[in-house]
Amino acid sequence: MQNAKYLRHRADSWAKRLKVAPRSIRVQHMTRKWGSCSTLGTVTLAADLFRCKEPFQDFVIVHELLHLRVPNHGRLF
């Protein structure tokens, strides 16, 4: 799946820029959201994200990676 490799590469690049270290980055079919971040550090991205424009991809990727620092959507996030 070339699309998954592309999204993982973009996420790896952003992780380095943000100085975060996800345990793993997965790309899979998701029906209700664009991405998620588990408490164990696994970032999951929706496979359909590949079809979106790059600025939106970046928004989703950065949002999920920042959950490695702030695990919720509280005021600090």
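Since the structure is predicted, the reported quantities are computational estimates derived from the model, not experimental observations.

Observations regarding the pattern of salt bridges
Summed over the entire model, instances satisfying the criterion amount to three salt bridges. The shortest N-O distance in the salt bridge between E54 and R10 comes to 3.7 Å. Taken as a pair, E54 in helix α2 (residues 54-66) and R10 in helix α1 (residues 2-18) lie far apart in primary sequence, 44 residues in all. E54 gets classed as partly exposed once you look at its relative accessible area, which sits at 44%. Exposure remark for R10: the relative accessible area of 13% places this residue in the buried category. Note that R51 and D48 form a salt bridge whose closest N and O atoms lie 3.3 Å from each other. The class of R51 is exposed, set by a relative accessible area of 72%.

Thoughts on α1
Since the α-helix turns once every 3.6 residues, residues separated by three or four places project in the same direction. End to end, α1 covers 24 Å across 17 residues, agreeing with the expected 24 Å (1.5 Å per residue, within 8%). Those residues of α1 that sit buried are A4, L7, R10, A11, W14, A15 and L18. Down the axis, α1 shows its buried residues gathered within 140° of arc, on one side only. The exposed residues of α1 that point more than 90 degrees off its buried face are Q2, K5, H9, K16 and R17. Packing partners of the buried residues in α1 comprise β1 (24-28), β3 (42-46) and α2.

The rules behind the values
- Residues numbered from 1 in each chain as written.
- Predicted model: local features only at pLDDT ≥ 70, side-chain atom pairs only at ≥ 80, totals over all residues.
- Heavy atoms only, no water.
- Salt bridge = Lys/Arg side-chain N within 4 Å of Asp/Glu carboxyl O.
- Helix = DSSP H or I, 4+ residues; strand = E, 2+ residues; numbered from the N terminus.
- Buried < 20%, exposed > 50% of the residue type's maximum accessible area, 1.4 Å probe, protein only.
- Expected span 1.5 Å × (residues − 1).
- Arc of directions from axis to C-beta.
- Contact = heavy atoms within 4.5 Å.

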